[in-house]
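Below, each chain spelled out in residue letters.
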Amino acid sequence: MKLPRLIKRHCPFCKKHTEHKVMQAKKKAASSLSRGSKYRARKRGLARGLGNRGRYSRPAVGSWKRSGKKKSKKTDLRYECKVCKKTHMQKKGKRTKRVEFK
Ligand SMILES: [Zn+2]
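This write-up is about the structure you can find in this document. (Residues numbered from 1 in each chain as written. Predicted model: local features only at pLDDT ≥ 70, side-chain atom pairs only at ≥ 80, totals over all residues. Heavy atoms only, no water.)

**Quick notes on unusual backbone geometry**
Reasoning step 1: Here the phi dihedral of lysine 15 falls at roughly 60°; this positive angle occurs in a residue that is not glycine.
Reasoning step 2: A positive phi is found at lysine 85, a non-glycine position, where the angle reads about 65°.
Reasoning step 3: You can see lysine 85 is positioned in the loop between β5 (77-81) and β6 (87-89). (Helix = DSSP H or I, 4+ residues; strand = E, 2+ residues; numbered from the N terminus.)

**Section: the nonpolar core**
Reasoning step 1: Judged by nonpolar contacts, Leu3, Val22, Leu77, Tyr79 and Val99 together constitute the single largest core of five residues.
Reasoning step 2: Those residues in contact with valine 22 that sit more than four places away from it in its chain are Pro4, Arg5, Ile7, Leu77, Arg78, Tyr79 and Phe101. (Core = buried A, V, L, I, M, F, W, Y, C linked by side-chain atoms within 4.5 Å. Buried < 20%, exposed > 50% of the residue type's maximum accessible area, 1.4 Å probe, protein only. Contact = heavy atoms within 4.5 Å.)

**What about the pairing of strand β3 (residues 16-24)?**
Reasoning step 1: The pairing of strand β2 (residues 6-11) with β3 spans six bridges and is antiparallel. Each residue of the ladder has a partner; that of cysteine 11, found in β3, is lysine 16.
Reasoning step 2: With antiparallel pairing between neighbouring strands as the criterion, β2 and β3 make up a hairpin whose turn holds four residues, including lysine 15 at a positive phi of roughly 60°.
Reasoning step 3: For β3 and β5, the ladder comprises five bridges, and the chain directions are antiparallel. When the sheet's bridge partners are listed, valine 22 is paired in β5 with tyrosine 79. (Pairing = 2+ DSSP bridges.)

**What about the coordination of the zinc ion?**
Reasoning step 1: Looking at the metal site, the zinc ion is ligated by Cys11 (SG), Cys14 (SG), Cys81 (SG) and Cys84 (SG), spaced 2.1 to 2.3 Å from it.
Reasoning step 2: Note that the zinc ion binds four donor atoms; their angles at the metal cover 101 to 118°, and the shape is tetrahedral.
Reasoning step 3: All donors to the zinc ion come from one chain, and their sequence spacing reads C-x2-C-x66-C-x2-C. Linking cysteine 14 in the loop between β2 and β3 with cysteine 81 in strand β5, this pair joins segments that are 67 residues apart in sequence.
Reasoning step 4: Relative accessible area serves as the criterion here: at 24%, cysteine 14 is assigned to the partly exposed category. (Donors = N, O, S within 2.8 Å, 3.2 Å for Na, K, Ca; no water. Tetrahedral: all angles 85-135°; square planar, octahedral: opposite > 155°, others 65-115°.)

**Considering the environment of arginine 9**
Reasoning step 1: Residue position: arginine 9 is located in strand β2.
Reasoning step 2: Expressed as a C-alpha distance, the spacing of arginine 9 and arginine 42, which sit 33 residues apart in the sequence, is 46 Å.
Reasoning step 3: Not counting chain neighbours up to four residues away, the residues in contact with arginine 9 comprise Lys16, His17, Thr18, His20, Tyr79 and His88.

Spelled out as structure tokens, the structure:
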């Protein structure tokens with residue numbers, strides 16, 4: 001999907017249409033404190049010790065179980081208002097393989 005770098009949109013902070021800079025959200029690194037992390041499991045007294053507790057290791061589920069694997073991702077765009085410099089997100093992501101800026 002090709003997108004313009006600058007776009008006129010409604011700014012919820014200025015409450016009017018202003019020029020916005022379009023950016024793609026940065027991919028966040030997995031936090032050790034996020035939900036379902038091993039760190040939190042250890043805090044609850046789970047996932048202690050070494051190894052995988054005698055379980056047989058196999059490849060990730062996505063590589064063998066999910067047949068209709070999606071080829072595209074939803075866009076996660078951020079719009080920065082040029083007037084107040086505040087950023088807001090797009091409401092709904094559109095499925096696309098990649099995002100290009102003109
Ligand atoms: Zn604004």
